[in-house]
Amino acid sequence: LHHCVSGARSLLRSRLCRAFSTLPTPSTSTLPPHSIVFSGIQPTGSSGLHLGNYLGAVSNWVSLQNGFIPSASHSDTHSNNKSGNQVLFSIVDLHALTVRTPPNLLRENSIQLATELIACGIDPDRTILYRQSAVSGHAELSWILGCLAPLGWLNRMTQYKDKSAKMANTNINSGLLCYPVLMAADILLFKATHVPVGDDQTQHLELAKDLALAFNREYGEPFFQVPTALYTTTARRVMSLRDGKAKMSKSDTNENSRINMTDSRDMISSKIKKAKTDSLEGLSYDPVGRPDLANLISIMSGLSGRSHEDICSQYATSSNSVFKNALADVVIEHVGPVSDRISRMQANRATVASMLERG
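Everything in this summary refers to the structure shown in the same document. Remember, predicted model here, so these are calculated numbers, not experimental data.

1. What about a positive patch on the surface?
And then number 1: Among the surface-exposed residues, Arg242, Lys245, Lys274 and Lys276 lie close enough to one another that they form a single positively charged patch.
And then number 2: Structurally, Lys245 can be placed in the loop between strand 5 (228–230) and helix 10 (265–274).
And then number 3: Classification of Lys245 by relative accessible area gives exposed; the value is 66%.

Here is the structure:
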């Protein structure tokens, strides 16, 4: 009976993961043999992934995953594949604790996020997908690295400055300050050689490098690998649909500011049509002078693979409404099927939870 159940689960996982890998992915340079890639994402909010997460991170993860040759059996995936490469993606639930969340909700958010990652093409048979809190080494190494990190290094972190400024009238927890140290521990724990990052995360990766070198100096041996950043050629930052100067975010209270990967086709169309633009005629890509419109062009470029110039040339004399209708079609073409798969997978949450535990 045990073997039958195990076989059925394995077959279901295989069919799910083959079906959920159809979104377009950016090209990624071939990594050298024996590379270890690590990245993580927070399970914050019940809405899960949004389009900014996909274009800024998840599509790159899928590209990296699919660029590696999986081993003959899954039992070997966690240690080797034919190129000797490993890809680890973590649902970083410890990071999410900087915002107080009931434990049962955090667990539910983690499973929901895993569901959406798999629906976007992450394959647990090719990568290691797991919850951060299930591996105690993250917190243990964070303490060790924290004892090596000068307070000045942490006070200089731009995201800490920004978030603490927004919380000026409340008690700022120390986790917000120490957050980058835990991020460094996430990376260094597995001696990652490469880390996919957006341009807003570069400072945190630099801290991880500094802490790796500080540890190696302190203990007199090159114990930790100094990681390298991986950037993609696609737009690395997707902005809010309501403010082209602000990053698309799950924390934004305005639902029309983002496209969630769970949105229905009608919701996607409505949000795109309500997206902020400007009153100037014609289409032009100008992130400084026309940030709202530039953001929409970048979204079309990221999903379609077309250049900004090609898009602007096609719609040079079109009205904003015509361009928005075309953009809505492109977004629906790619996000709609993912939303459908997420809905179907809701009935298989036990299987998703099992995948996470296996990771």
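What follows picks up the thread again.
2. Some thoughts on empty space enclosed by the protein
And then number 1: This model, assessed by the stated rule, comprises 3 cavities of 30 Å³ or more.
And then number 2: By volume, the second largest cavity amounts to about 60 Å³.
And then number 3: Lining the second largest cavity we find Met157, Gln159, Tyr160, Lys163, Leu176, Tyr179, Pro180 and His204.
And then number 4: Counting residues per element, the ones that place at least two in the lining of the second largest cavity are helix 7 (158–166) and helix 8 (174–189).
And then number 5: When the residues that make up the lining of the second largest cavity are grouped by side-chain class, the tally is 5 nonpolar, 2 polar and 1 charged.

3. Points about the nonpolar core
And then number 1: Of all hydrophobic cores here, the largest spans 56 residues; its most connected members are Leu117, Ile299, Phe323 and Val331.
And then number 2: Looking at which element gives the most residues to this core, the answer is helix 13 (residues 320–345), with 11 residues.

4. Some points on the packing of helix 2 (residues 51–67) against helix 11 (residues 291–304)
And then number 1: Where helix 2 contacts helix 11, the axes come no closer than 11 Å and their chain directions differ by 55°. In terms of axis orientation, helix 2 runs oblique to helix 11. Of the two possible hands of crossing, helix 2 and helix 11 adopt the one that is left-handed. On the side of helix 2, the interface is formed by Leu51, Tyr54 and Leu55, while helix 11 contributes Ile299, Gly302 and Leu303.
And then number 2: Its residues assigned to classes, the contact of helix 2 with helix 11 comprises 5 nonpolar, 1 polar and no charged.

5. Details of the pairing of strand 2 (residues 86–91)
And then number 1: Buried residues dominate strand 2, accounting for 6 of its 6 residues.
And then number 2: Side-chain alternation along strand 2 places Gln86, Leu88 and Ser90 on one buried face and Val87, Phe89 and Ile91 on a second face that is also buried.
And then number 3: Here 6 bridges tie strand 1 (residues 36–41) to strand 2, and the two strands are oriented parallel to one another. From the neighbouring strand, Val37 faces strand 2, where its bridge partner is Val87.
And then number 4: Pairing between strand 2 and strand 3 (residues 128–131): 4 bridges, direction parallel. Note on strand 3: the bridge partner recorded for Ser90 is Tyr130.
And then number 5: Where the polypeptide runs from strand 2 across helix 4 (residues 103–119) and back to strand 3, its parallel neighbour, the crossover connection is right-handed.

6. Let's talk about the packing of helix 4 against helix 13
And then number 1: Their axes nearest at 9 Å, the elements helix 4 and helix 13 cross at an angle of 130°. Relative to helix 13, the element helix 4 is oriented oblique. Once helix 4 is placed against helix 13, the crossing between them reads as right-handed. Contact residues: Gln112, Thr115, Glu116, Ile118 and Ala119 in helix 4; Val338, Arg341, Ile342 and Met345 in helix 13.
And then number 2: Partitioned by chemical class, the residues of the contact of helix 4 with helix 13 number 5 nonpolar, 2 polar and 2 charged.

Here is what the cut-offs are and how they apply
- Numbering of residues starts from 1 in every chain and runs along the sequence as written.
- Totals for whole chains, interfaces and linings use all residues, but because this is a predicted model, local features are given only for residues with pLDDT of at least 70 and pairs of side-chain atoms are given and counted only at 80 or more.
- Side-chain numbers here rest on the full set of heavy atoms in the structure, without hydrogens or water.
- Patches draw on residues past 30% relative accessible area with no salt bridge. Two like charges within 9 Å are joined, as are two nonpolar side chains (Val, Leu, Ile, Met, Phe, Trp, Tyr) within 5 Å.
- The protein chains shown are the only cover counted for residues, whose accessible areas, like all others here, come from Shrake-Rupley with a 1.4 Å probe.
- By convention in these notes, a salt bridge is any Lys or Arg side-chain nitrogen within 4 Å of a carboxyl oxygen on Asp or Glu.
- Positive residues here are Lys and Arg, negative ones are Asp and Glu, while His and the chain termini are left out of the count.
- Where a charge lies is defined by one atom per residue type, namely NZ (Lys), CZ (Arg), CG (Asp) and CD (Glu).
- Comment: elements are numbered from the N terminus, with helices defined as DSSP H or I runs of at least four residues and strands as E runs of at least two.
- Here's how the labels work: a residue is buried when its accessible area is under 20% of the maximum for its type, exposed when over 50%, partly exposed in between, all with a 1.4 Å probe on protein chains only.
- Grid points spaced at 1 Å and placed over the protein atoms alone form the basis of the search, with a cavity being a set where a 1.4 Å probe fits but cannot get out and a pocket an open set showing protein on both sides within 12 Å along at least five of seven lines. Lining residues have an atom within 4 Å of a point.
- Grid points are joined across faces, edges and corners, and a volume is the space filled by probe spheres set on the points.
- For this scheme, ten residues count as nonpolar: Ala, Val, Leu, Ile, Met, Phe, Trp, Tyr, Cys and Pro. Four count as charged, namely Asp, Glu, Lys and Arg, and the remainder, Gly too, count as polar.
- For this analysis, a nonpolar core means a set of buried residues of the types Ala, Val, Leu, Ile, Met, Phe, Trp, Tyr and Cys, connected via side-chain atoms within 4.5 Å.
- Every axis corresponds to a line fitted to the C-alpha atoms, with the helix fit spanning only the stretch in contact, and the corresponding angles, defined between N-to-C directions, vary from 0 to 180 degrees.
- An angle below 35 degrees is treated as roughly parallel, one above 145 as roughly antiparallel, one from 65 to 115 as roughly perpendicular, and anything else as oblique.
- Throughout, a crossing is termed right-handed when the near helix is turned clockwise from the far one, and left-handed when it is turned anticlockwise from it by less than a right angle.
- Two residues form a contact once any of their heavy atoms are found within 4.5 Å.
- Pairing between strands requires that DSSP locate at least two bridges from one strand to the other.
- Call a crossover right-handed when, viewed with both strands pointing away from you, the route from the first strand across the helix to the second goes clockwise.

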